Amino acid sequence: MKILDRYILKNLLVTFIFVAFVIVFIICMIDYTEKVDDFLEKRAPTSAIIFDYYLNLVPYWVNYISPLMVFIATVFFTSRMAARTEIIAILSSGISFGRLLVPYLMGATIIGGVMFALVGWVLPRANKIRNEFERKYVKDEFYFDGRNVHIKVAPNVYAYLESYNVTTKTGNKFTLETVVGNELKKKLTADKIEWQPKKNKWALKDYRIRDLEKKNEALSFGTELDTLINLKPSDFESDYNLFETFTLPELNDYIALLESRGSDGLEVYLIEKYTRFTQPFAMLILTAIGLIVSGRKSRQGVGLQIALGFALAFIYILFFLLSKGVAESGNINTLLAVWLPNIVFTFVGLALFKTLPR
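The model shown is predicted, which means the values in this text are computed figures rather than measured ones.

(A) A look at helix H9 (residues 334-354). Taking 1.5 Å per residue, 21 residues should reach 30 Å; H9 reaches 31 Å between its end C-alpha atoms and fits that length. Along H9, the helix axis deviates most sharply at Leu340, where the bend reaches about 40 degrees; the proline Pro341 sits within four residues downstream. Within the sequence span of H9, burial applies to Thr334, Ala337, Val338, Pro341, Asn342, Phe345 and Gly349.

(B) Here's a closer look at the sheet that holds strand S5 (residues 201-211). Reading across the sheet, the 6 strands line up as S1-S2-S3-S4-S5-S6 and stay open at both edges, with antiparallel pairing between neighbours. At either margin of the open sheet sits one strand with a lone partner, and together these are strand S1 (149-154) and strand S6 (218-227). Sheet twist, expressed as the average angle between the axes of neighbouring strands with direction ignored, equals 20 degrees. For strand S4 (residues 183-196) and S5, the ladder comprises 10 bridges, and the chain directions are antiparallel. By the bridge assignment for S5, Gln196 is matched with Lys201.

(C) Looking closely at the packing of aromatic side chains. Overall, the coordinates contain 27 aromatic pairs when judged by the stated rule. Judged by centre distance (6.1 Å) and plane angle (15 degrees), the ring pair of Phe21 and Phe25 falls under stacked. With a gap of 4 residues between them, Phe21 and Phe25 both fall in helix H1 (residues 3-41), about one helical turn apart. Note on Phe39 and Tyr54: the rings are 6.5 Å apart at their centroids and 85 degrees apart in plane angle, and the pair reads as edge-to-face. Placement of the pair is Phe39 in helix H1 and Tyr54 in helix H2 (residues 46-64), with a sequence separation of 15 residues. For the pair Phe39 and Tyr54, a shared accessibility class is recorded, and that class is buried. Within the aromatic cluster, the residues linked to one another by ring pairs are Tyr32, Phe39, Tyr53, Tyr54, Phe133 and Tyr137. The ring of Tyr60 is capped by Arg130, whose NZ or CZ atom sits 4.3 Å from the centre of that ring.

Criteria and thresholds
Per chain, the residues get numbers from 1 upward, laid out in the order the sequence is written. Per-residue local features of the predicted model are confined to residues with pLDDT of at least 70, and side-chain atom pairs are confined, for both listing and counting, to 80 or more; whole-chain, interface and lining totals are unaffected and use all residues. Hydrogen atoms and water are omitted, and side-chain values are computed over all heavy atoms in the structure. Strands are runs of DSSP state E lasting at least two residues, helices are runs of H or I lasting at least four, and both sets are numbered from the N terminus onward. One less than the number of residues in a helix, times 1.5 Å, gives the span that helix is expected to have. Throughout, bend refers to the angle between the axes fitted to the seven residues that end at a position and the seven residues that start at it. The rule is simple: take the accessible area with a 1.4 Å probe, protein chains only, and divide by the maximum for that residue type; under 20% is buried, over 50% is exposed, in between is partly exposed. A pair of strands is labelled paired if DSSP reports no fewer than 2 bridges between them. An axis is simply a line fitted to the C-alpha atoms; with a helix, the fit covers only the stretch in contact. Between two such axes, the angle follows the N-to-C directions and lies from 0 to 180 degrees. The criterion for an aromatic pair is that two Phe, Tyr or Trp rings (for Trp, the six-membered ring) have centres within 6.5 Å, with stacked assigned to planes under 30 degrees apart, edge-to-face to planes over 60 apart and tilted to the rest. Two conditions define a charge located above a ring, namely a distance within 6 Å from the ring centre to NZ of Lys or CZ of Arg, and an angle within 35 degrees of the ring normal.

Laid out in structure tokens, this is it:
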């Protein structure tokens, strides 16, 4: 790298760290103000608040708003360079705007690569600790009080439970039906179903099986039967921000499980998966736009450029949240919804690039 590259890269990374520290510190202060009553009411230990909650909340927010922080850092640092006429001097020396963009993209790539590794394998473990703290000291205690529960466990297989006890991991009045079209093919009923952790199976108590696929209806019954069902005790536990607690391989496995069941609500997990891949590209796009917006010296000063940068960042976030909400409702393809803000802002960046004086 040339001296100029090292200068820009160093200042961009330092500015990013500074902006991240300031913004996340403000977020944590606001969060503490909102939750302090819960901490006092439920007597959360100070060590748990600091180490289990806030120590894991900081990297969560750093990752969550990292595209915005990279954009703000780019605008903040570049606008200062422009105000000191450094950008004009650089371009006057024969360096093209495209060449000037290289160290910025290098910085965004470094930050994006680190964040991708964190959100893919490190942050999910931290989120498990933080979410557990929130369930214990912030949220109301979770009780599974569902009655007459229906769960689709395979494309044509449906499970039914009259009730389920999370503590003992047992269910009452269990039914498993295989239905093809509108025709019942097989039906299994049991007075009780109990999870066997050592066998990793369910034990059916006082079961009856009706097989309607044969010419003569077959009926079998017994007092106990171990069986494998695409159903786990975790399906009845709290799913509070569950998608945040999966590493990338675990998230892929869980998506495959939901697809094998033909379950609803798959969009939330697909959006989480695709967002982890699109976030580094968002940093590159927003970094380029940030340089284009703030790379010109303005008579109105640095403040106007920073304000314009914030406005564009706000529009991007609003656009992303809107497309994400539409995707969660199932009205648009999830992959398209996650990539759509990046696609649109790529064209915005190209349009802004054409306005630069040559």
